[in-house]
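Here is what each chain is made of, one letter per residue.
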Amino acid sequence: MDDINHQGPGTAAKAGPTESLLVYFALGTFLGLVFIKSEVASWYRIQEMFHFRAVHMYGVIGSAVAVGAVCVALMKRFGIRTVRGEEIVYPGEDEVRPQRRHLLGGTCFGLGWGLLGACPGPIFALVGTGLSVLLVALLGALMGAWCYGAFKPNLPH
């Protein structure tokens, strides 16, 4: 019997780069389906939200915030660690106060979201549904991410 790939009890096999990418692809595909089926990627629903005509998106966002808050509280209480076994470090009170850069970044993000009618998260899902016009938005998001990476050392953080 070949013991090269044998893992002892309680140990997990380390995934290679291809397996990791497949996991992320599968999770991204699932999230895209959730975005589309729940209509949170819908241009109409996003415009409804920004015009204060319906509570659909506010309910989804509020539910996400509530679930996130409960999960973080449980993670703190039970000392949950990362998948690599590292301790999760939570910021202190002084580190979470909004600063001018947060307000500017949030305003830019919100304006882009409102003008485009699509958040960066579901752009791939929207392109997958056949909205090829959003390839322009995807290209813009990728260019923005690249520019941030290129200029990050010179930006105030």
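Look a little higher up for the structure.
Residues numbered from 1 in each chain as written. Predicted model: local features only at pLDDT ≥ 70, side-chain atom pairs only at ≥ 80, totals over all residues. Heavy atoms only, no water.

J.: Explain the packing of helix H2 (residues 43–50) against helix H4 (residues 100–116) residue by residue, including any values.
T.: Look at H2 against H4: their axes get within 9 Å of each other, and the N-to-C directions meet at 125°. As summarised for this structure, H2 and H4 are arranged oblique, according to the angle between their axes. The chirality of how H2 crosses H4 is left-handed. Along its contact with H2, which presents Trp43, Ile46, Gln47, Met49 and Phe50, the element H4 presents Gly110, Trp113, Gly114 and Leu116. Classifying every residue of the contact of H2 with H4 gives six nonpolar, three polar and no charged. (Axes fitted to C-alpha atoms, helices over the stretch in contact; angles between N-to-C directions. Helix = DSSP H or I, 4+ residues; strand = E, 2+ residues; numbered from the N terminus. Parallel < 35°, antiparallel > 145°, perpendicular 65-115°, else oblique. Left-handed = near helix turned anticlockwise from the far one by under 90°. Contact = heavy atoms within 4.5 Å. Nonpolar A, V, L, I, M, F, W, Y, C, P; charged D, E, K, R; others polar.)

J.: Can you explain the packing of aromatic side chains? Please cite residues and give values.
T.: Applying the stated criterion across every chain, the model contains three aromatic pairs. Relative to tryptophan 113, the ring of phenylalanine 50 lies with its centre 5.3 Å away and its plane at 85°, an arrangement referred to as edge-to-face. Taken together, the positions of phenylalanine 50 in helix H2 and tryptophan 113 in helix H4 put the pair 63 residues apart, joining distant regions of the chain. Look at tryptophan 113 and you get buried, because its relative accessible area is 15%. Grouping aromatic residues by their ring pairs yields a cluster made of Phe50, Phe109 and Trp113. The cationic tip of lysine 76 hangs over the ring face of tyrosine 90; the distance from NZ or CZ to the ring centre is 5.1 Å. The ring centre of phenylalanine 78 lies 6.0 Å from the NZ or CZ of arginine 77, which sits over that ring. (Phe/Tyr/Trp six-rings, centres within 6.5 Å; stacked < 30°, edge-to-face > 60°. Buried < 20%, exposed > 50% of the residue type's maximum accessible area, 1.4 Å probe, protein only. Lys NZ or Arg CZ within 6 Å of the ring centre and 35° of its normal.)

J.: Got a sec to walk through the pattern of salt bridges? Specific residues and values, please.
T.: Inspection of every chain in the model, using the stated rule, returns two salt bridges. Taking the shortest distance from any N to any O, the salt bridge between arginine 45 and glutamate 39 comes out at 2.7 Å. Glutamate 39 gets classed as partly exposed once you look at its relative accessible area, which sits at 35%. Note that glutamate 48 is salt-bridged to arginine 45, the shortest N-O span being 3.1 Å. Here arginine 45 and glutamate 48 lie together in helix H2, a separation of three residues that amounts to about one turn. Owing to a relative accessible area of 11%, glutamate 48 belongs among the buried residues under this scheme. In the salt-bridge network here, residues are joined through shared partners; they are Glu39, Arg45 and Glu48. (Salt bridge = Lys/Arg side-chain N within 4 Å of Asp/Glu carboxyl O.)

J.: Can you lay out the packing of H2 against helix H3 (residues 56–78) for me, pointing to particular residues and giving the numbers?
T.: Their axes nearest at 8 Å, the elements H2 and H3 cross at an angle of 90°. It follows that H2 is roughly perpendicular to H3 by the angle criterion. Facing Arg45, Ile46 and Met49 of H2, the residues of H3 in contact are His56, Met57, Tyr58 and Ile61.

J.: Talk me through the environment of valine 133; I want residue IDs and the actual numbers.
T.: Relative to the assigned elements, valine 133 resides in the loop between helix H5 (123–128) and helix H6 (134–151). Judged by its relative accessible area of 61%, valine 133 is exposed. Once the C-alpha coordinates of valine 133 and serine 20 are considered, the two residues, 113 residues apart in sequence, prove to be 30 Å apart.

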